[in-house]
Amino acid sequence: MSPRHILVVFLALLAVAPLALPPFYVTLLNYIGLYALVALGLVMLTGVGGLTSFGQAAFVGVGAYTTAVLTTRADALPAWLGWLGASPWLALLAGLALTLALAYLLGAITLRLSGHFLPLGTIAWGLSLYYAFGSVEGLGGHTGIPDIPPIRVFGTPLTQGDHIYYLIWAFLLVAVWCTQNLLDSREGRAIRALKGGRVMAESMGVDTARSRMVIFVLAALQACASGWLYAHMQRFVNPHPFGLQMGIEYLFMTVIGGAAQVWGALVGAGVFTVLKQWLQDLLPGLLGQSGNFEIIVFGFGMVLLLHRARRGLWPVLARLAPVRRKPRQVDMQAEPLPRRTMPPRGEVVLKAVDVTRRFGGLVANNAMNLEIRAGEILALIGPNGAGKSTMFNQISGVDTPTSGRVALLGHEVAGAGARRCARLGLSRTFQHVRLLGRMSVLENVAIGAHLRGHRGVMAASWRLDRAEEARLLAEAARQIERVGLGGHLHDEAGSLALGQQRILEIARALASDPCILLLDEPAAGLRYQEKRELGELLRKLRAEGMAILLVEHDMDFVMGMADRVAVMDFGEKIAEGSPSEIQNNPAVLEAYLGGVDEE
Ligand code: ADP
Ligand code: MG
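Quick look at the structure, then.

Cut-offs used in this document
Residues numbered from 1 in each chain as written. Chains lettered and ligands numbered in written order. Predicted model: local features only at pLDDT ≥ 70, side-chain atom pairs only at ≥ 80, totals over all residues. Heavy atoms only, no water. Helix = DSSP H or I, 4+ residues; strand = E, 2+ residues; numbered from the N terminus. Contact = heavy atoms within 4.5 Å. Areas by Shrake-Rupley, 256 points an atom, 1.4 Å probe, with all protein chains shown as cover. Lys, Arg positive; Asp, Glu negative; His and termini not counted. Charge placed at Lys NZ, Arg CZ, Asp CG, Glu CD. Near = heavy atom within 4 Å. Polar contact = N/O pair within 3.5 Å; in protein donor to acceptor, adjacent residues only side chain to side chain. Nonpolar A, V, L, I, M, F, W, Y, C, P; charged D, E, K, R; others polar. Salt bridge = Lys/Arg side-chain N within 4 Å of Asp/Glu carboxyl O. Buried < 20%, exposed > 50% of the residue type's maximum accessible area, 1.4 Å probe, protein only. Pairing = 2+ DSSP bridges. Axes fitted to C-alpha atoms, helices over the stretch in contact; angles between N-to-C directions. Phe/Tyr/Trp six-rings, centres within 6.5 Å; stacked < 30°, edge-to-face > 60°. Parallel < 35°, antiparallel > 145°, perpendicular 65-115°, else oblique. Donors = N, O, S within 2.8 Å, 3.2 Å for Na, K, Ca; no water. Expected span 1.5 Å × (residues − 1).

## Side note on the overall build of the protein chain
Piece 1. Of regular secondary structure, the protein chain possesses 24 helices and 12 strands.
Piece 2. Each principal axis of the C-alpha distribution contributes one length, and for the protein chain these read about 90 × 50 × 50 Å.
Piece 3. Within the protein chain, contacts between residues separated by at least 24 positions form 75% of all contacts whose residues are at least 6 apart in sequence.
Piece 4. Total accessible area computed for the protein chain in this model is approximately 26700 Å², and 60% of it derives from carbon and sulfur atoms.
Piece 5. Side chains of the protein chain give 53 positive and 47 negative charges; the mean places of these two sets differ by 5 Å.

## A short note on the site of ligand 1
Piece 1. With respect to spatial proximity, the complete set of residues near ligand 1 consists of Phe359, Leu362, Ala364, Asn384, Gly385, Ala386, Gly387, Lys388, Ser389 and Thr390.
Piece 2. Gly387 is positioned such that a nitrogen or oxygen atom in its backbone is 2.9 Å from an oxygen atom of ligand 1.
Piece 3. Within the backbone of Lys388, a nitrogen or oxygen atom sits 2.8 Å from an oxygen atom of ligand 1.
Piece 4. Coverage of ligand 1 by the protein amounts to 58% of the 560 Å² it exposes when considered alone.
Piece 5. Looking at the shell around ligand 1 element by element, the count peaks at three residues for helix α15 (residues 388–395).
Piece 6. A class-by-class count of the residues in the shell around ligand 1 yields four nonpolar, five polar and one charged.

## Let's talk about the pattern of salt bridges
Side chains carrying opposite charge are able to pair once their charged atoms draw close together.
Piece 1. Inspection of every chain in the model, using the stated rule, returns 25 salt bridges.
Piece 2. Here Arg466 ties to Asp184 by a salt bridge, and the two come within 3.7 Å at their closest N and O atoms. On the criterion of sequence distance, the pair formed by Arg466 in helix α19 (residues 466–482) and Asp184 in the loop between α7 (161–183) and α8 (186–193) is long-range, its members being 282 residues apart.
Piece 3. Among the residues examined, Arg466 registers a relative accessible area of 23% and is labelled partly exposed.
Piece 4. One salt bridge connects Arg419 with Asp207, and the closest N-O pair in it is separated by 3.5 Å. One end of the pair, Arg419, is in helix α16 (residues 418–424); the other, Asp207, is in the loop between α9 (198–203) and α10 (208–234), and 212 residues separate them in sequence.
Piece 5. For Asp207, a relative accessible area of 25% gives the class partly exposed.
Piece 6. In the salt-bridge network here, residues are joined through shared partners; they are Glu376, Arg564, Lys573 and Glu576.

## Considering the sheet that holds strand β7 (residues 411–412)
Across a sheet, paired strands are connected by hydrogen bonds in the backbone, their directions being either parallel or antiparallel.
Piece 1. Read across the open sheet, the four strands follow the order β4-β3-β6-β7; overall the sheet is antiparallel. Here the strands that pair on one side only, and so sit at the sheet edges, are β4 (362–373) and β7.
Piece 2. In this structure, strand β3 (residues 348–359) lies alongside β4, joined through eight bridges in antiparallel fashion. Bridge pairing in β4 places Arg358 opposite Val363.
Piece 3. Across the sheet, α15 lies against β3, β4 and β6 (403–408), angled at about 120° from β3, the strand it touches most.

## Notes on the packing of aromatic side chains
Piece 1. Considering all chains together, one arrives at 19 aromatic pairs under this definition.
Piece 2. Ring centres of Tyr65 and Phe242 lie 6.0 Å apart, and the angle between their planes is 70°; on these two criteria the pair is classed as edge-to-face. Note that Tyr65 is positioned in helix α3 (residues 56–72) and Phe242 in the loop between α10 and α11 (244–257), a separation of 177 residues in sequence. One exposure class covers both Tyr65 and Phe242, and it is buried.
Piece 3. Ring geometry for Phe272 and Phe298: centres 4.6 Å apart, planes at 35°, overall tilted. Linking Phe272 in helix α12 (residues 264–287) with Phe298 in helix α13 (residues 293–308), this pair joins segments that are 26 residues apart in sequence. Exposure class is identical for Phe272 and Phe298. Each is buried.

## Things to note about the sheet that holds strand β11 (residues 564–569)
Piece 1. Read from one edge to the other, the open sheet built from six strands follows the order β8-β9-β10-β5-β11-β12, with strand pairing classed as mixed. Strand pairing shows two members of the sheet lacking a second neighbour, β8 (426–428) and β12 (572–577), which therefore form its edges. Shown here is a sheet whose adjacent strand axes are inclined to one another by a mean of 20°, direction ignored.
Piece 2. Inspection of the sheet shows strand β5 (residues 377–381) paired to β11 by four bridges, in the parallel sense.

## Regarding the packing of α12 against helix α14 (residues 313–320)
Piece 1. The contact between α12 and α14 brings their axes to 9 Å, and the two run at 105°. Taken together, α12 and α14 sit at an angle that is classed as roughly perpendicular. Every residue of α14 that contacts α12 at Gly264, Val267 and Val271 is listed here: Leu313, Trp314 and Leu317.
Piece 2. For the contact of α12 with α14, the residue count by class is five nonpolar, one polar and no charged.

## Let's talk about the coordination of the magnesium ion (ligand 2)
Each donor-metal-donor angle in an ideal tetrahedron of four donors is 109.5 degrees, and each such angle in an ideal octahedron of six donors is either 90 or 180 degrees.
Piece 1. Around the magnesium ion (ligand 2), the protein contributes the donor atoms Ser389 (OG) and Gln431 (OE1), which lie 2.1 Å from the metal centre. Of the two residues, Ser389 is situated in helix α15 and Gln431 in the loop between β8 and α17 (441–448); the sequence distance between them amounts to 42 residues.

## Considerations on the side chain of Thr66
Piece 1. Here Thr66 is to be found in helix α3.
Piece 2. Exposure remark for Thr66: the relative accessible area of 11% places this residue in the buried category.
Piece 3. When residues no more than four places from it in sequence are discounted, the contact partners of Thr66 are Gly61, Ala91, Ala94, Gly95 and Leu98.

## A word on unusual backbone geometry
It is generally the case that most residues other than glycine have a negative phi and that most peptide bonds are trans.
Piece 1. Notably, Arg463 is not glycine yet its phi reads approximately 60°, a positive angle.
Piece 2. Within the secondary structure, Arg463 is located in the loop between α18 (457–461) and α19.
Piece 3. Judged by relative accessible area, Arg463 falls into the partly exposed class, the value being 36%.

## Examining α10
Piece 1. Across its 27 residues, α10 extends 39 Å between first and last C-alpha, which sits within 8% of the 39 Å expected from 1.5 Å per residue.
Piece 2. Where burial is concerned, most of α10 is hidden: 23 out of the 27 residues are buried.

As structure tokens, then:
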């Protein structure tokens, strides 16, 4: 069976469920749909983006309370607001707009926090909003707001469970579809790259602060829509379902289903809701007393799950199901992306003047001067700890020099950030490879082409970006072919040998169409034949006018390839010249004597 067949069967089952099932189960399915809509946002936010939020229930509350107030108390509101209460649909728009503004504000405050401060931040505003629902005058206090009108669709009020069932699941399925589209796009790769660390993503031109905000706002909007549906299903709201406990339960559902999987949100919400219901019925009878025993059982279940199946249930289910996945087709006929005009051969592309970088008392780079020209390979060598990688970071915008200047094509870039350098045409690889191990080789390389595409989140969600996407993927495939990894297009990047992962990073760097390439130990871990092929590739790039800075330990490799060699020791440049000059330089021989530096 193909995934499409399974989907058709699933949709057919969904369509007939309310006809075949007793009302109790339809209600259960309604809840599953509502919860899954929230969990889906968390899949993107937490599972894919790595940002943990305990506060989603509060956004559900914003959606629910906005519509409750507007549709029941419009007369008490000023006219410019009151008209939004004329229909629940207008109230939905109002709720989404309010959520957008609120999420943007909360995101601006919290998303900058890192580590455990971010989840703590979400708990803080989650609690504040919850207490606001209970305390703000006009929201009905802890008794809540009754008499919420039903939603009307084509004039028909959705008063019964099996009516609103179709609306809830339509919302959910559209959200699933849009999320899947988004993740499978240029913006989606930028979002998925967040987990690879900010340095890598920013070096590929991704605005990570923006990507974080995008998923935060989208997750909040989905929660808001769920709250709107909930309010009109219950026809009544009070603060209880929007508290921290529910925020935690949403997170549980996401993790149970498989935090990085779109369909995991459904599985998680389904399993959680059904199990909870079942345990609530079963346990008190079994234990002979009443109480919230299901929560205790759940707690232990969660711990067990985190030990046994950290990626959740969806990957387990996907393995059991007889599904054959076709690898994604790349349309090599897609129109090639436009290319940058390369600086003329011999022109200085990058110039570092007196760059110094101190870490506390340690001077990792001391008054370093480097000049790299178009169409040449400059090798930077030196013993371990000499400061080569630090120098890389100073000239690629990743780090800010303590003092000194860096000019890239005449633009001052010291401290300007990695994204600015990427935009100007600088691309790099990392000494310690930074790949998304679970993403395919193709997608990893496509991240490199981020700045060569322009379609945004909305276009991606509704699949209006497909022409551009085809061009980006074709470009990625071309670069993969070029570096000799053509046979691994659809393999997971993490499954490649380390040497191949380094080569993959070169393909990713090339996908940005750079005019200067910084390679930090690209030949480490390569076999003899692979090294030769890498050498050929670098020579070819040089012939095309690329400026290349190469940090490398393999002296044969360096000396056979570089036009010039700069030698560093203790943060300073101790020599610079042609390979033969360097090989006979006494200071260099001194630096290399004794202290051999293989990593
Ligand atoms: P190389 O790449 O030549 O092996 P590095 O540039 O990685 O050398 O390191 C140069 C020196 O700077 C080392 O002593 C290293 O410990 C130190 N160093 C590098 N990065 C940092 C940092 N972020 N904080 C403190 N010290 C650092
Ligand atoms: Mg290094």
